[in-house]
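As a plain string of letters, each chain reads:
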Amino acid sequence: MKNKMVKALVLGLTMSTIMMTGSVATFAEEAEATEETAETEEAEGETADADKEAADKVAALIDGIYVQERTETTDEDCKAAKEAWDALTDEQKALVEGEEASPDYFGLDTGDASKDDPRNADEIGENELLVVSFGTSYNDSRVADIKGIEDALQEAYPDWSVRRAFTAQIIINHVQARDGEVIDNMQQALDRAVENGVKNLVVQPTHLMHGAEYDEMMEVLDSYNDKFESVSVAEPMLGEVGDDATVINEDKAAVAEAIANAAVKDAGYETIDAAAEDGTAFVFMGHGTSHTAKVTYSQMQTQMGELGYKNVFIGTVEGEPEETACEAVIEAVKEAGYKKVVLRPLMVVAGDHAENDMAGAEEDSWKSMFEASGAFESVDTQITGLGSLPEVQQLFVEHTKAAMEK
């Protein structure tokens, strides 16, 4: 009996020891795991901080070149921004955010820049045709719309050297930093012309109208008038503005017919009347402006009516004139009874405004707003700039000819 009690006691002590040892071991393991977790979290925190710091550096560099004025360091700044972007990891690139900076600045695929021609070569000769555009950073649109116009002009006037200038330094910097394509601004292009001994200069703006961009172009050009034997400026796309909404001209008629016919064809209709009978309206979205030339948009609406295009409506991103604001256009289309809508840009290029303001997924895009109204069965978009249309290219050829004959 005594032996049994001793054995039981020994067994109990042994079990207790095992249990205590196990508890200590478990506690040690848990403590070690907790320490490892803390170290991991600290390391992850340090990595996140480093990622944010690297992304913020790139954002600052992008914001630094998102400016309208060229400086002595612009070329270096563009190069530095791209090199810093390329050095980021994919995770870091997603964190890039600044006043203007975002991952899309370098990361958005807008097409093949190598298909473009900056037309900034020397050896110009005595006769230069300088094509002045606001510009676009969307490569495919720049090739189709701006280069399309330039190519048509060069083909029409082989004895003249066609060169390019953009008025938007922000866009010039963007294209240079992202794609390495160097485009002249107005001053650079005019300085190049002077240095190359150009005698006769014809300037063809691709602007829609005699608006703010046209005025800024003329202001720069005025300081170079005495540098050439002759300087002649051609009309912008839609010609003279006119005094009020009733004033239309042949240029507006040509553009109205060209864009309406292209939109009808792309939508799969034989005629614009067939589209109307099917309940389809076409909304052409321009930029809009506070400049007095904003009446041009009202004139284009008048022109559409004169051509019998009752299912065509003119709108603008800026909502100037007021009747061209998105909300006003939606109401106009609703009141006219159309249930299907096709949106298309009334712009030389199909760039950022067309892709985002018109066709974007954001709730304030025109497509989203038309859909949110609940008044339409379908809302489709056509991403095509005016500059790619042969009829518009020919119109610029005619405007240039008139300027050459002045």
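Our subject is the structure that appears above.
Attention here is on the structure that accompanies the text. In this text, all values refer to a predicted model and were calculated from it rather than measured experimentally.

In this section: the overall build of the protein chain. Scanning the protein chain from N- to C-terminus turns up 15 helices and eight strands. Per-residue burial over the protein chain gives 45% buried out of 406 residues. Contacts in the protein chain between residues far apart in sequence, at least 24 positions, make up 78% of those at least 6 positions apart. Carbon together with sulfur atoms contributes 49% to the accessible area of the protein chain, which is approximately 20,500 Å² in total.

Quick look at the sheet that holds strand β5 (residues 280-286) now. Spatially, four strands are ordered β6-β5-β7-β8 in an open sheet, and the strand pairing comes out parallel. Two strands in the sheet have a free side with no partner beyond their single neighbour: β6 (312-316) and β8 (378-381). Going across the sheet, the axis of each strand differs from the next one's by a mean of 25°, ignoring polarity. Bridge analysis of β5 against strand β7 (residues 340-345) gives six bridges, and the strand direction is parallel. Paired with T280 across the strands is K340, a residue of β7. Along the sheet, helix α12 (residues 326-336) makes contact with β5, β6 and β7, crossing β6 at roughly 165°.

With respect to the helices and strands, S298 occurs in helix α11 (residues 295-306). When neighbours within four sequence positions are excluded, S298 is seen to be in contact with A245, P321 and E323.

Right, let's get into the sheet that holds strand β3 (residues 200-205). Strand order in the open sheet formed by four strands is β2-β1-β3-β4, with parallel pairing between adjacent strands. Each end of this open sheet is capped by a strand with a single partner; those strands are β2 (161-166) and β4 (230-233). Taking each pair of neighbouring strands and ignoring which way they run, the sheet shows an average axis angle of 20°. In terms of strand pairing, strand β1 (residues 127-133) meets β2 through six bridges, oriented parallel. Bridged to S133 within β2 is F166.

The residue after E320, namely P321, is reached through a cis peptide bond having omega 5°. Summarising the element assignment, P321 is placed in the loop between β6 and α12. Here R119, not a glycine, exhibits a phi torsion of approximately 50°, which is positive.

Moving on, we come to the pattern of salt bridges. This structure, assessed with the given rule, holds 20 salt bridges. Its salt-bridge partner being E181, residue R164 comes within 3.6 Å of it at the nearest N-O pair. On the criterion of sequence distance, the pair formed by R164 in strand β2 and E181 in the loop between α6 (169-179) and α7 (186-195) is long-range, its members being 17 residues apart. Taking relative accessible area as the criterion, E181 reaches 7% and is therefore assigned buried. E331 is the salt-bridge partner of K334, the closest N and O atoms lying 3.2 Å from each other.

Let us now look at the side chain of D51. Examined against the element boundaries, D51 turns out to sit in helix α1 (residues 2-65). Buried and unpaired, D51 has no salt bridge, with K52 as the nearest side chain of opposite charge at 11 Å. Of note is the side chain of D51, whose polar atom sits 2.8 Å from the side chain of Q92. The contacts of D51, once residues within four sequence positions are left out, are Q92 and L95.

The next thing to look at is a negative patch on the surface. On the surface, a cluster of negative charge is made up of D215, E216, E219 and D222. Looking at the secondary structure, you find D215 in helix α8 (residues 212-222).

Glancing now at the packing of aromatic side chains. As enumerated under the stated definition, the model contains five aromatic pairs in all. Measuring from ring centre to ring centre gives 5.0 Å for Y105 and F106, while their planes differ by 85°; the resulting arrangement is edge-to-face.

For the rest of this paragraph, the subject is the packing of helix α9 (residues 250-266) against α11. Between α9 and α11, the shortest axis-to-axis distance is 10 Å and the interhelical angle comes to 65°. The angle between α9 and α11 places the two elements in the roughly perpendicular class. Helix-helix and strand crossings are classified by hand; for α9 and α11 the assignment is right-handed. Together, K252, A253, V255, A256 and I259 of α9 and T296, Q299, M300, Q303 and M304 of α11 make up the contact between the two elements. For the contact of α9 with α11, the class distribution of residues is six nonpolar, three polar and one charged.

Calculation notes
- Residues numbered from 1 in each chain as written.
- Predicted model: local features only at pLDDT ≥ 70, side-chain atom pairs only at ≥ 80, totals over all residues.
- Heavy atoms only, no water.
- Helix = DSSP H or I, 4+ residues; strand = E, 2+ residues; numbered from the N terminus.
- Buried < 20%, exposed > 50% of the residue type's maximum accessible area, 1.4 Å probe, protein only.
- Contact = heavy atoms within 4.5 Å.
- Areas by Shrake-Rupley, 256 points an atom, 1.4 Å probe, with all protein chains shown as cover.
- Pairing = 2+ DSSP bridges.
- Axes fitted to C-alpha atoms, helices over the stretch in contact; angles between N-to-C directions.
- Salt bridge = Lys/Arg side-chain N within 4 Å of Asp/Glu carboxyl O.
- Lys, Arg positive; Asp, Glu negative; His and termini not counted.
- Polar contact = N/O pair within 3.5 Å; in protein donor to acceptor, adjacent residues only side chain to side chain.
- Patch = residues over 30% accessible without salt bridge, like charges linked within 9 Å, V, L, I, M, F, W, Y side chains within 5 Å.
- Charge placed at Lys NZ, Arg CZ, Asp CG, Glu CD.
- Phe/Tyr/Trp six-rings, centres within 6.5 Å; stacked < 30°, edge-to-face > 60°.
- Parallel < 35°, antiparallel > 145°, perpendicular 65-115°, else oblique.
- Left-handed = near helix turned anticlockwise from the far one by under 90°.
- Nonpolar A, V, L, I, M, F, W, Y, C, P; charged D, E, K, R; others polar.

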